[in-house]
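# Tertiary structure, described
Below, each chain spelled out in residue letters.
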Amino acid sequence: MIRIKPALIKYSLKNIYKRKTRSWLTVISVLIGIASITALVSFGYGISEYTSSFAQQMGQDKLIMMARGISMLDTNVIMNKSDIDTIDRVNGVKEASGMYVVSAEIIYNKQKRYAMVAGIDYKNYGEFAEELMTVKILKGNRLAGTEKSKVILGYNYMIPDKIFTKPVDLGGKVNINGLDFEVLDFYGEIGNPSDDSNIYITDVAAEQIFNSKNYMEIFIRASPGVDTAALAEKITVDLRKERHQKEGTEDFFVQTFEQVIETFNSILNGIIAVVLLIALISVIVASVNIMNTMYASILERTREIGIFKAIGARNSEILLIFVMESGILSMIGGIIGLLIGMGIAKIAGIAISAAGYSAFKPFFSWQLSFGVLLFAFLVGIASGFVPAMQASKLKPVEALRYE
Amino acid sequence: MIKDYLNLSYSSLIHRGLRSWLTIIGILIGIAAVISLISLGEGMRAMVTSQFSFLGPDILTIQASGLNYGPPGSGSVNPLKEDYIKTLESVNGVEVAVGRNIKSATIEFNSKADSTFIGSMPSGEKRKIIERTVQLKPEKGRLLKDSDTNAVVLGNNYGKEDRFGKAVAPGNLVVIQGREFEVTGILKKTGSFTIDGSVLMNDADLEKIISVNDTYSVIVAKVSEGSDVADVKAKIEEALRKERDVKKGEEDFSVQSAQQALSSVNSILFAIQIFISVIAGISIVVGGIGIANTMYTSVTERTKQIGIMKSIGAKNRDIFLLFLFEAGLLGLVGGFAGIAIGLGLAYGLAYVGTLALNAELIVISTNFSLVFGALLFSFVIGCVSGILPAMQASRLKPVDALRSVK
């Protein structure tokens, strides 16, 4: 049984210290790869953390019906009140509400922008919609549901230079598609520039002023305790019947939000995996460097190894000395790399959120730190193993004779 | 002189065979990764560029402004009107203006549904112009005629089994937005996946299933030969400003040349490519550190040798160059091997991708400047990594060096 003796660790550390330049270079080559992996993974974690927080805030009782297809604003799939009636009749549905979306031209202070305007049934389902969009009203002035010339604006409208140079004032007027609307309130930050630029009006206003007839999506809430995935299936069957469509030829789909987020996360994981794979290349190169350093180190210490063996060191002990040495080198690289990587991620996160994507922030967990360190250590051990094997198999007499 | 350096470097690299190889492998991994990723990226860009290639340099695309999340014109606030065509054609330098509607729709066949884009086809002479500029040719059946009603031509993808589990053939009936249409032809492959996956039907047919209210999603203007494109573009903008009653600088429409349309897509792809190359490039830096490490070891090992060289008259500069050259050589050999492996990898991956997707998606072309640049870069990386060790070697005092023991 091999035991790691303190004397062996001390010997390894001494050798690392003695060959300072080479040790440092090896450590640096490991830390570069580890730092980039840390930064990338913490961002990936951050994004999936953001989507999961969405799921949590939304609760697990919600479903969505949307048109199948490629484009959001120009679908020719009809979704209207009769679909809501059909959905409401399904056993297990608590409530359902549709949302109109219009692309509109917004003028404020002589500046012209384009934005999405959502028409929501504030009278009956205002809180439901807000819960779904995970927005919080800032001052509490919710639309009552009948207003035709009042709007709630997304967060970015109150920030100078985000959408308009001058922030929009509460109670001020914005012009949407040629008509003046009074700003009633704002929603809090969602965290991405597209959602934070949305504008919200009542469904009545959307129908009468923008001539909306076709919902872009229908939100559904399940009754407490109902299995949402099974409910989605039931709603699909009923809608298909009502719309006279056959299975496989539906022009719509019903999904639970968990499914929506799952789809998103699987795409995200795919992207992270590819980027991570590319970043891993530098760790492979670092591992080659470690191997090289260890070969050089062993060559230099051939006589020493001979002496060790002559005074009774076993092969396994020699192996352990060198494997430990490369493991320690790599571990030091791992620790420094982890810290640098976290620093880079922090700074990049600040820069990105300044650009309006506050959702993109790194997320650090002890699992990540531990995993990265373990990985660095394992890489060190693996790269040191072959050279260490060679060292352990040296014949004492020949090693002593080596010059 | 250089030959001597080469000989000396070569023999010392061979002498430390295994370690030299490891150093070279360190460099070649990074170079191979960067080369293959850049080649694949370039291939991808070429593929995307080809999507726009049917838009010649003399074509201007006019769209109403809005949020564009879908096909052209889908999010426009104030759509383009049918009667703009006349206005545009009266602009000096415009040979012809053609309006088209591009709408998303559901298409059904063999009891399966799919989402698609429908492109409207104008009638008469203008049909010919669209057919020519977009290079529409039938693979099976024929293209649409003015006299066709309830008829469609489908993109090449529909002629394959994977869309509906069964290939669509001329004479078949497909259901679009709940209405039956007869397929008159399947288009030849264009390589542009928007066209290969879309449906063409006559203007009048489109109006039966989707209300377009005398508007167009997009208007394409062809600049007459000999006219300056930028000049015509300015004139069109002016005419449309008057038509839509907007001031200069407040336009709610855009007039784009093919180059502009391309450059915005290209710049996004370029940014992605740079990001990935930088991450892959990190490994070259790590490889460079490997060279520095090897050179330091080499200097230590050859301290005695350096002492001898100096005592028989070698100058600091000679020693410096000797080690610098050795480091550069390591980089260069790594670069050569890396390029070979990287290109092999890129071609291999593109081949596998072609087999797996049953389509010529990515075509890799060996970019000479990329190859040359990578070679130069690997040599420079080698030299830069060798500078400090070589300086250390050149500054050794002959007596100390001779006295040194390993």
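The rules behind each value
- Numbers given for residues are sequential positions, taken from 1 along each chain in its written order.
- Following the order in which they are written, the chains are lettered starting with A and the ligands numbered starting with 1.
- Per-residue local features of the predicted model are confined to residues with pLDDT of at least 70, and side-chain atom pairs are confined, for both listing and counting, to 80 or more; whole-chain, interface and lining totals are unaffected and use all residues.
- Water and hydrogen atoms were dropped before computing side-chain values, which therefore reflect all heavy atoms in the structure.
- In DSSP terms, a helix is any run of H or I states spanning at least four residues, a strand is any run of E spanning at least two, and both are numbered starting from the N terminus.
- Categorising residues by exposure relies on relative accessible area from a 1.4 Å probe, with only protein chains included: less than 20% of the type maximum marks a residue as buried, more than 50% marks it as exposed, and the intermediate range marks it as partly exposed.
- Neither His nor the chain ends is counted toward charge; the positive residues are Lys and Arg and the negative residues Asp and Glu.
- Here the site of a charge means atom NZ of a Lys, CZ of an Arg, CG of an Asp or CD of a Glu.
- Here the globule rule is a power law, 2.2 Å times the number of residues to the power 0.38, and the radius of gyration is based on C-alpha atoms.
- Any two residues whose heavy atoms approach within 4.5 Å are treated as being in contact.
- Every accessible area reported is derived by Shrake-Rupley at a probe size of 1.4 Å, with residue values counting cover from the shown protein chains alone.
- One requirement defines pairing of two strands: DSSP has to find at least two bridges between them.
- Throughout, buried area stands for the accessible area (probe radius 1.4 Å) lost by two parts on being put together, summed over both.
- Here, a salt bridge means any side-chain nitrogen of Lys or Arg that lies within 4 Å of a carboxyl oxygen of Asp or Glu.
- Here a polar contact means two N or O atoms within 3.5 Å. Within protein one must be a hydrogen donor candidate and the other an acceptor candidate, and residues neighboring in sequence count only if both atoms are side-chain atoms.
- Helix axes are fitted to C-alpha atoms over the stretch in contact, other axes to C-alpha atoms as well, and angles between N-to-C directions run from 0 to 180 degrees.
- The cut-offs work like this: below 35 degrees is roughly parallel, past 145 is roughly antiparallel, 65 to 115 is roughly perpendicular, and the gaps in between are oblique.
- In a left-handed crossing the near helix is turned counterclockwise from the far helix by less than a right angle, and in a right-handed crossing that turn is clockwise.
- Residues with no salt bridge and a relative accessible area higher than 30% make up the patches, which join like charges within 9 Å and nonpolar side chains (Val, Leu, Ile, Met, Phe, Trp, Tyr) within 5 Å.
- Pairing of aromatic side chains requires ring centres within 6.5 Å, counting the rings of Phe and Tyr and the six-membered ring of Trp. Pairs whose planes differ by under 30 degrees are stacked, by over 60 edge-to-face, and all others tilted.
- Take the buried residues of types Ala, Val, Leu, Ile, Met, Phe, Trp, Tyr and Cys, join any two whose side-chain atoms come within 4.5 Å, and each joined set is a nonpolar core.
- Within a predicted model, pLDDT stands for the predictor's per-residue confidence, ranging from 0 to 100.

What chain B contains, in helices and strands, is 13 helices and 13 strands. Along the longest, intermediate and shortest principal axes, the C-alpha atoms of chain B span 100 × 55 × 35 Å. Out of the 406 residues belonging to chain B, those deemed buried represent 50%. Computed over 41 positive and 38 negative side-chain charges, the inter-centroid distance for chain B is 12 Å.

Take the overall build of chain A next. Within chain A, the secondary structure is distributed over 11 helices and nine strands. The C-alpha radius of gyration computed for chain A amounts to 31 Å, which surpasses the reference 22 Å derived for 403 residues by more than 25%, pointing to a less compact arrangement than a globule. With the C-alpha coordinates aligned to their principal axes, the bounding extent of chain A is approximately 100 × 50 × 30 Å. Nonlocal contacts in chain A, meaning residues at least 24 apart in sequence, comprise 80% of its contacts between residues at least 6 apart. When the accessible area of chain A is evaluated, it comes to approximately 18900 Å², of which 61% is carbon and sulfur surface. Looking at charge distribution, chain A has the averaged site of its 41 positive side-chain charges lying 14 Å from that of its 39 negative ones.

With that settled, consider the pairing of strand E9 (residues 179–187) of chain B. Residue and element names in this part refer to chain B. Relative to E9, strand E6 (residues 138–141) is paired through three bridges, and the arrangement is antiparallel. Looking at E9, one finds that glycine 141 is bridged to glycine 185. Taken together, the four bridges between strand E7 (residues 151–154) and E9 define a ladder with parallel strand orientation. Within the sheet, the bridge partner assigned to valine 153 lies in E9 and is glycine 185. Bridging between strand E8 (residues 173–176) and E9 involves four bridges; their strand directions are antiparallel. Each residue of the ladder has a partner; that of valine 175, found in E9, is glutamate 180. Hairpin connection of E8 to E9: two residues between the antiparallel strands, including glutamine 177 at a positive phi of 50 degrees.

This part is about the interface of chain B and chain A. Taken together, the contact pairs 54 residues of chain B with 53 residues of chain A. Interface area for chain B against chain A, summed over the two sides, is near 4100 Å², with a carbon-plus-sulfur share of 68%. In this assembly, chain B and chain A are joined by zero salt bridges. Across the chain B-chain A interface, the total number found is seven residue pairs in polar contact (both at pLDDT 80 or more). Contributing elements (two or more residues each) for the side of chain B that touches chain A: helix H2 (17–52), strand E4 (102–109), strand E5 (112–121) and helix H9 (258–301) of chain B. Examining the composition of the side of chain B that touches chain A, we find that 17 residues originate from one element, H9 of chain B, more than from any other.

What follows concerns the side chain of arginine 243 of chain A. Residues and elements named next belong to chain A. Of note, arginine 243 is situated in the loop between helix H6 (228–242) and strand E9 (252–256). In this structure the side chain of arginine 243 is engaged in a polar contact, spanning 2.8 Å, whose partner is the backbone oxygen of isoleucine 78. Setting aside residues no more than four positions away along its own chain, arginine 243 makes contact with Met65, Val77, Ile78, Met79, Asp83, Asp251 and Phe252.

On to the sheet that holds strand E1 (residues 59–64) of chain B. Residue and element names in this part refer to chain B. Sheet architecture is open: four strands sit in the order E3-E12-E1-E13, paired in antiparallel fashion. Lying at the two open borders of the sheet, with one neighbouring strand each, are strand E3 (94–100) and strand E13 (253–257). On average, each strand axis in the sheet is tilted by 20 degrees relative to the strand beside it, whichever way the strands run. Pairing of E1 with strand E12 (residues 218–223) involves four bridges; the strand directions are antiparallel. Each bridged residue has a counterpart across the sheet, and for leucine 60 the counterpart in E12 is alanine 221. Where H9 meets the sheet, it contacts E1 and E13, and its direction lies at approximately 95 degrees from that of E13.

Moving on, we get to the packing of helix H1 (residues 6–18) of chain A against helix H9 (residues 315–354) of chain A. Residues and elements named next belong to chain A. Put simply, H1 and H9 touch, their axes get as near as 9 Å, and they point 55 degrees apart. With respect to their mutual orientation, H1 and H9 come out oblique. At the point where H1 passes H9, the crossing takes the right-handed sense. Judged by residue contacts, Leu8, Ile9, Tyr11, Ser12, Leu13, Asn15 and Ile16 of H1 engage Leu320, Ile321, Met324, Glu325, Ile328 and Leu329 from H9.

Let us look at a negative patch on the surface. Residues and elements named next belong to chain B. On the surface, Glu82, Asp83, Glu207, Asp214 and Glu243 cluster together into a patch of negative charge. Assignment of secondary structure puts aspartate 83 in the loop between strand E2 (80–81) and helix H3 (84–89). Residue classification places aspartate 83 among the partly exposed residues on the basis of a relative accessible area of 45%.

Phi at asparagine 177 of chain A is positive, roughly 45 degrees, even though this residue is not glycine. Position of asparagine 177 of chain A relative to the elements: it lies in the loop between strand E5 (173–176) and strand E6 (179–186).

Okay, the environment of arginine 241 of chain B next. Residues and elements named next belong to chain B. Considering the arrangement of structural elements, one finds arginine 241 in helix H8 (residues 229–244). Assessed through its relative accessible area of 12%, arginine 241 is described here as buried. Along the chain, arginine 241 and tyrosine 216 lie 25 residues apart, while their C-alpha atoms are 17 Å from each other. Leave out the neighbours within four places in its chain, and arginine 241 touches Val246, Lys247, Lys248, Glu251 and Phe253.

Quick look at the packing of aromatic side chains now. Under the defined criterion, the tally for this structure stands at 10 aromatic pairs over all chains. Seen in terms of ring centroids, phenylalanine 109 of chain B and phenylalanine 164 of chain B are 5.8 Å apart; in terms of plane orientation they differ by 65 degrees. Their pairing is edge-to-face. Here phenylalanine 164 of chain B lies in helix H5 (residues 161–164) and phenylalanine 109 of chain B lies in strand E4, a separation of 55 residues in the sequence. Each member of the pair phenylalanine 109 of chain B and phenylalanine 164 of chain B is classed as buried. Clustering of aromatic rings is evident, with ring pairs tying together Tyr108, Tyr157 and Phe164 of chain A.

Right, let's get into the nonpolar core. By size, the foremost hydrophobic cluster in this structure holds 83 residues, and its most contacted members are Phe322 of chain A together with Ile35, Phe323 and Ile339 of chain B. Per-element tally for this core: the top contributor is helix H7 (residues 257–300) of chain A, with 12 residues. In contact with isoleucine 339 of chain B, other than residues within four places in its own chain, are Ile31, Ile35, Val371, Ala374 and Leu375 of chain B. Core analysis: the next-biggest nonpolar cluster, separate from the first, contains 43 residues, Met65, Ala104, Ala115 and Ala232 of chain A among them.

Moving on, we come to the confidence of the model for chain B. Residues and elements named next belong to chain B. Confidence along chain B averages 82 in pLDDT terms, with 92% of residues attaining 70 or more. When the elements of chain B are averaged for pLDDT, helix H1 (residues 2–15) gives the smallest value, 72, and E7 the largest, 91. Here the predicted complex carries an ipTM of 0.73, next to a pTM of 0.74.

A few words on helix H4 (residues 125–133) of chain B. For H4 of chain B, the complete set of buried residues consists of Arg127, Ile129, Ile130 and Glu131 of chain B. Contacts from the buried residues of H4 of chain B go to E3, E5 and strand E10 (199–202) of chain B.

Below, the discussion takes up the environment of asparagine 316 of chain B. All names here are of chain B. Counting through the fold element by element, asparagine 316 comes out in helix H11 (residues 316–357). Put simply, asparagine 316 and isoleucine 31 are 285 residues apart on the chain and 32 Å apart in space, counted from C-alpha to C-alpha. Setting aside residues no more than four positions away along its own chain, asparagine 316 makes contact with Lys310 and Ser394.

A separate point is the side chain of aspartate 251 of chain A. With respect to the helices, strands and loops of the structure, aspartate 251 of chain A is situated in the loop between H6 and E9. The buried category is assigned to aspartate 251 of chain A, whose relative accessible area is 12%. Polar contacts involving the side chain of aspartate 251 of chain A include one to the side chain of arginine 243 of chain A, which spans 3.2 Å. At a separation of 2.9 Å, a polar atom in the side chain of aspartate 251 of chain A contacts the side chain of glutamine 245 of chain A. For aspartate 251 of chain A, the residues in contact, after removing those within four places along its chain, are Ala67, Arg68, Val77, Arg243 and Gln245 of chain A together with Thr106 of chain B.

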